[in-house]
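# Structural characterization, general
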Amino acid sequence: MSSSLLLLLRGRSVRAGLRIVLGLADSGDSLSRLRWPSHSIPLSPHWNWNLGSRRGIIVLGIETSCDDTSVALLSHTPTLTHLLYHETITSNNLPTRGIHPLASLSSHRSSLSPLLICAISRLPPSSNGKPDLVAATRGPGMRASLAVGLDVAKGLAVAWGVPLVGVHHMLGHALTPRLTDALQRPKRARPKGTERNINLQEPQPRFPFWSLLVSGGHTVLARCESVTRHKVIADTVDVAVGDMIDKIARRVVPEEIITEAGKEGKGVVYGRVLEEFVFPGSTTNGEAEYDHHYFPPESPSGGSKMKK
């Protein structure tokens, strides 16, 4: 299957290849209905994993698990991590008063191709026009939305002859603080006499650490022991905190406020709208500027109130 796709896409421009993968090719094109199975492409032993080269490694990342279409291009060397490109387009969820699978799917199909074209144009000359590997969210998430990103990632990985890495959605969240820390660190010179693969700047937080993941669809407490070793300590049994906040906002916040928040066509962040409605004037550009205190009721055992 991989060799067949490579032959089909070889000789075509990246733009044309993306249109084929997204099903946007002209109706007369025999490849317009080309589809891939949902399984991952196996990593070939013939792929060159020379990640210790002087220019380091370049990764193209694709995220389509929910309503955000995100593409990023990241370069990494032992002394510097640099974000070459990052852009996100969110489907307009105002008409459906929340995330709708079909609206999200349509947004992914129309947004992913132009984002990838922009990302590919940011590849440095030393990359020979392709990244060292392609990474895409493999789940959890909405199945149809995930399929858009994964199918495109598979096609690009085959056409370029580079590995494809499927990333667990929540694992990406858990490791984001380490990536953010690495991006904020200045470049450091390598001390003379050190090994070539020495880790000069261990990102923070260092392993092991605990991570509380609170997203729209998941609420997980996990212990992160290494990049590839994680243990789920606790999870919700019914509904995620983010999903609960969205539902409360749709019931509590007046319709005209929600409509005003979604005028720009970028979707409605219901948690932010609810926070601003409950604490007027408490946020500026999404950043909290208040110091409210919440006193929970006394425990059934008659203990004193705790300040949160």
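Quick note: structure is the one above.
Residues numbered from 1 in each chain as written. Predicted model: local features only at pLDDT ≥ 70, side-chain atom pairs only at ≥ 80, totals over all residues. Heavy atoms only, no water.

### Digging into the overall build of the protein chain
Where we set the bar: A run of H or I in DSSP becomes a helix once it reaches four residues, and a run of E becomes a strand once it reaches two; helices and strands are each numbered from the N terminus. The accessible surface values rely on the Shrake-Rupley method and a 1.4 Å probe; as for residues, cover is taken only from the protein chains in view.
From N to C terminus, the protein chain includes eight helices and 10 strands. If you sum the accessible surface of the protein chain, you get close to 18600 Å²; carbon and sulfur atoms cover 56% of it.

### Considering the side chain of T69
Short version of the rule: Definition of a polar contact: a pair of N or O atoms within 3.5 Å, with one able to donate and the other able to accept a hydrogen when the atoms are protein atoms, and with sequence-neighbouring residues admitted only if both atoms are side-chain atoms. The contact definition used throughout considers only heavy atoms, calling two residues in contact when any of these lie within 4.5 Å.
By secondary structure assignment, the location of T69 is in strand 2 (residues 68-77). Within the structure, T69 has its side chain in polar contact with the side chain of H108 (distance 2.6 Å). Once residues within four sequence positions are removed from consideration, T69 is found in contact with E63, T64, E87, T88, I89, S107, H108, S111, L112 and L115.

### Points about the pattern of salt bridges
This is how it is decided: One speaks of a salt bridge when a side-chain nitrogen belonging to Lys or Arg is within 4 Å of a carboxyl oxygen belonging to Asp or Glu. Accessibility here uses a 1.4 Å probe with only protein chains present; expressed as a share of the type maximum, an area under 20% marks a residue as buried, one over 50% as exposed, and anything in between as partly exposed.
This model, assessed by the stated rule, comprises four salt bridges. Salt-bridge contacts for D181 lead to R185; the nearest nitrogen and oxygen are separated by 2.6 Å. Taking the relative accessible area as the measure of exposure, D181 reaches 18% and is therefore buried. R185 gets classed as partly exposed once you look at its relative accessible area, which sits at 23%.

### Some thoughts on the nonpolar core
In summary, soluble globular proteins display a tendency toward joint burial of nonpolar side chains. Rules: In these notes, a set of buried Ala, Val, Leu, Ile, Met, Phe, Trp, Tyr and Cys residues joined through side-chain atoms within 4.5 Å is what counts as a nonpolar core.
Within the largest apolar cluster, 24 residues are counted, with the highest numbers of intra-cluster contacts made by L60, I62, V71, L112, L116, V134 and W160. Tallying contributions element by element places helix 4 (residues 143-160) first for this core, with seven residues. Discounting residues that sit within four places of it in the chain, I62 has contacts with S70, L112, L116, V134, A135, A136, T137, G149, V152 and A153. By size, the runner-up hydrophobic cluster in this structure holds eight residues, among which are L94, A249, V268 and L274.

### What about the sheet that holds strand 5 (residues 164-168)?
As a reminder, the rule being used: Strand pairing requires that DSSP identify at least two bridges connecting the strands. Orientation is described by lines fitted to C-alpha atoms, with helices fitted over the stretch in contact, and by angles between N-to-C directions that extend from 0 to 180 degrees.
The mixed open sheet is built from five strands, whose spatial order is 3-2-1-4-5. Of all strands in the sheet, those bounded by a partner on one side alone are strand 3 (80-90) and strand 5. Neighbour-to-neighbour, the strand axes of this sheet turn through a mean angle of 20°, independent of strand direction. Bridge count for strand 4 (residues 133-139) against strand 5 is five bridges, and the pairing is parallel. Within strand 5, the residue paired with T137 across the bridge is V167. On the sheet, helix 3 (residues 101-121) packs against strand 1 (57-63), strand 2 and strand 3 and is oriented at approximately 25° with respect to strand 2. Lying over the sheet, helix 4 contacts strand 1, strand 4 and strand 5, oriented at roughly 155° with respect to strand 4.

### Some points on the environment of V165
By secondary structure assignment, the location of V165 is in strand 5. For V165, a relative accessible area of 30% corresponds to the partly exposed category. Residues in contact with V165, not counting those within four places in the same chain, are L133, V134, A135 and A136.

### A word on the packing of helix 6 (residues 241-252) against helix 8 (residues 270-278)
Put simply, the rule reads: Roughly parallel refers to an angle under 35 degrees, roughly antiparallel to one over 145, roughly perpendicular to one between 65 and 115, and oblique to any angle outside these ranges. With the far helix as reference, a near helix turned anticlockwise by less than a right angle produces a left-handed crossing, and one turned clockwise produces a right-handed crossing. Following the grouping adopted for this structure description, the nonpolar residues are Ala, Val, Leu, Ile, Met, Phe, Trp, Tyr, Cys and Pro, the charged ones are Asp, Glu, Lys and Arg, and the polar ones are all others, Gly among them.
Running from N to C, helix 6 and helix 8 point in directions that differ by 50°, and their axes come no closer than 8 Å. By the angle between their directions, the pair helix 6 and helix 8 is classed as oblique. Between helix 6 and helix 8 lies a crossing whose hand is left-handed. Seen from helix 6, the contacting residues are I245, D246, I248, A249, R250 and V252; seen from helix 8, they are Y270, G271, L274 and F277. Counted by class, the contact of helix 6 with helix 8 contains seven nonpolar, one polar and two charged residues.

### Digging into helix 4
How we decide: Helix span, expected: 1.5 Å multiplied by one less than the number of residues in the helix.
For helix 4, built from 18 residues, the straight-helix expectation of 26 Å at 1.5 Å per residue is met to within 8% by its first-to-last C-alpha distance of 25 Å. Trailing helix 4 by a residue or two, G161 shows a phi angle of about 70°, which is positive.

### Details of the packing of aromatic side chains
Applicable threshold: In summary, the pairing rule links any two rings of Phe, Tyr or Trp, Trp by its six-membered ring, whose centres are within 6.5 Å, and it sorts them by plane angle into stacked for under 30 degrees, edge-to-face for over 60 and tilted for everything else. Comment: the charge-over-ring label is applied if NZ (Lys) or CZ (Arg) is within 6 Å of the ring centre and within 35 degrees of the ring normal.
By the definition in use, this model includes one aromatic pair. Here the aromatic rings of F207 and F209 are separated by 5.4 Å at their centres, their planes lie at 20°, and the arrangement is stacked. Of the residues examined, F207 reaches a relative accessible area of 23% and is grouped as partly exposed. A cation sits over an aromatic face here: R250 above Y270, 5.3 Å from the ring centre.

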